[in-house]
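Spelled out, the chains give:
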Amino acid sequence: RGSALVLTTAICRNGVEFEGNVYVPRWTASDDIPVAYIYKAVADAGWTASTLADATFKYLCVADNKLWGGNLGTAGTNVHHVKSSVDGTNTGSWSTAIPVGDSAYPITALVNYEDMLLICKGDGLWTLTASADVRLLYSMKSQANADNFKGAASWDSGQRVILPLATGGMLELYRDVVSDI
C-alpha cells in the first residue's frame, strides 16, 4: 500500500496481513531456498527483515488467529514443516516446527480454509486439528507431483479453495469434498 519492496535478489510473494502488519515471505531466485521474511506496519513505508531464529518461510498464511509459515527449506530440509506465531515481528517468536506428511514432498501453498490452515503438498492436502495433530484431508499419492497445488487460493470467505494441478486442470475443495472443475 503505497510503498516499494526492499530491493533484493529474493523472490517475494504471498504477502498477508496479520495484527496490523503485512508479512511477505522470500526465497532466493538462484537456489529456491527461503530467506528471512520481511514485514511492515500497514501504514508504514519501510520494510524490516525478520531477525527471529528459524524465520525463513516460502509461504505464509493467516488462519485460526495465527500467522503460519511453511516450507522452512534450509538447504532443502524442513520443506514439509509448518510453524505458527501470534507475533511475527522481531519482538515475537515462532512455535516448534510441525512436520506434515512425507518429507519427499515440499509444501506448495498454505491457504485459509474455513479458518483452518490448509497445507498443500505435492502428495495431498493436510490440515491441523486444534491439538496440532496433522490430518490428511485428500491424498494425491497416485498423482503426486512436486508442483501440485502451487498457486492455490481460497475464495467465498474461505469456504472454497481452488487447487491447480501440476499436469494441468484444477480441483476445488468445498465442505471437505474435492471435485474436478
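Just so it is clear, the structure is predicted and the values come from calculations on it, not from any experiment.

The rules behind the values
- Residues numbered from 1 in each chain as written.
- Predicted model: local features only at pLDDT ≥ 70, side-chain atom pairs only at ≥ 80, totals over all residues.
- Heavy atoms only, no water.
- Pairing = 2+ DSSP bridges.
- Helix = DSSP H or I, 4+ residues; strand = E, 2+ residues; numbered from the N terminus.
- Axes fitted to C-alpha atoms, helices over the stretch in contact; angles between N-to-C directions.
- Phe/Tyr/Trp six-rings, centres within 6.5 Å; stacked < 30°, edge-to-face > 60°.
- Buried < 20%, exposed > 50% of the residue type's maximum accessible area, 1.4 Å probe, protein only.
- Lys NZ or Arg CZ within 6 Å of the ring centre and 35° of its normal.
- Salt bridge = Lys/Arg side-chain N within 4 Å of Asp/Glu carboxyl O.
- Contact = heavy atoms within 4.5 Å.

A.B. asks: Give me the sheet that holds strand β10 (residues 107–113): which residues, what numbers.
C.D. replies: Strand order in the open sheet made by the four strands is β10-β11-β12-β13, with antiparallel pairing throughout. For this open sheet the edge positions go to β10 and β13 (134–139), each flanked by a neighbour on one side alone. Ignoring which end each strand starts from, the neighbouring axes of this sheet average 25° apart. Bridge count between strand β11 (residues 116–121) and strand β12 (residues 124–128): four bridges; the pairing is antiparallel. Residue pairing in the sheet places lysine 121 in a bridge with glycine 124 of β12.

A.B. asks: Report on the sheet that holds strand β6 (residues 59–63), specifying residues and quantitative values.
C.D. replies: Read across the sheet, four strands follow the order β6-β7-β8-β9 without closing on themselves; strand pairing throughout is antiparallel. Two strands close off the open sheet at either side, each with one partner strand: β6 and β9 (98–99). Across four bridges, strand β7 (residues 66–70) lies against strand β8 (residues 81–85) in antiparallel orientation. Residue tryptophan 68 lies in a different strand from β8, and its bridge partner there is serine 84.

A.B. asks: So, the packing of aromatic side chains: which residues are in play, and what are the values?
C.D. replies: Counted according to the given criterion, the structure contains seven aromatic pairs. Ring centres of tyrosine 37 and tryptophan 94 lie 5.9 Å apart, and the angle between their planes is 75°; this geometry places the pair in the edge-to-face category. Residue tyrosine 37 is found in strand β4 (residues 34–41), and its partner tryptophan 94 is found in the loop between β8 and β9; the two are separated by 57 residues along the sequence. Here tryptophan 94 falls in the buried class, since its relative accessible area comes to 13%. Taken together, the ring pairs connect Tyr23, Tyr37, Tyr39, Phe57 and Trp94 into an aromatic cluster. Its end group placed over the ring of tryptophan 47, lysine 40 keeps NZ or CZ at 5.5 Å from the ring centre.

A.B. asks: Please set out the pattern of salt bridges residue by residue, giving values where relevant.
C.D. replies: In total, this model carries six salt bridges according to the counting rule given. Between lysine 141 and aspartate 123 there is a salt bridge, with its nearest N and O atoms 3.7 Å apart. On the criterion of sequence distance, the pair formed by lysine 141 in the loop between β13 and β14 (153–155) and aspartate 123 in the loop between β11 and β12 is long-range, its members being 18 residues apart. In this structure, a network of salt bridges that share partners links the residues Asp102, Asp123 and Lys141.

A.B. asks: Quick rundown of the pairing of strand β16 (residues 170–174)? Include the residues and the values.
C.D. replies: Inspection of the sheet shows strand β15 (residues 160–164) paired to β16 by five bridges, in the antiparallel sense. Each bridged residue has a counterpart across the sheet, and for arginine 160 the counterpart in β16 is tyrosine 174.

A.B. asks: So, the side chain of aspartate 123: which residues are in play, and what are the values?
C.D. replies: On the basis of relative accessible area, aspartate 123 is assigned to the buried category, the value being 3%. Apart from the residues within four sequence positions on either side, aspartate 123 is in contact with Asp102, Tyr105, Tyr138, Ser139, Met140, Lys141 and Ala144.

A.B. asks: An account of the pairing of β15 is needed here, citing residue identities and associated values.
C.D. replies: Most of β15 sits out of view: four of its five residues are buried. Alignment of β14 against β15, held across three bridges, turns out to be antiparallel. Note that in β15 the partner of serine 154 across the bridge is valine 161. Connecting β14 to the next strand, β15, in antiparallel fashion are four residues, including aspartate 156 with a positive phi near 55°. Here β15 hands over to β16 after five residues, with glycine 168 in that stretch at a positive phi of 105°.

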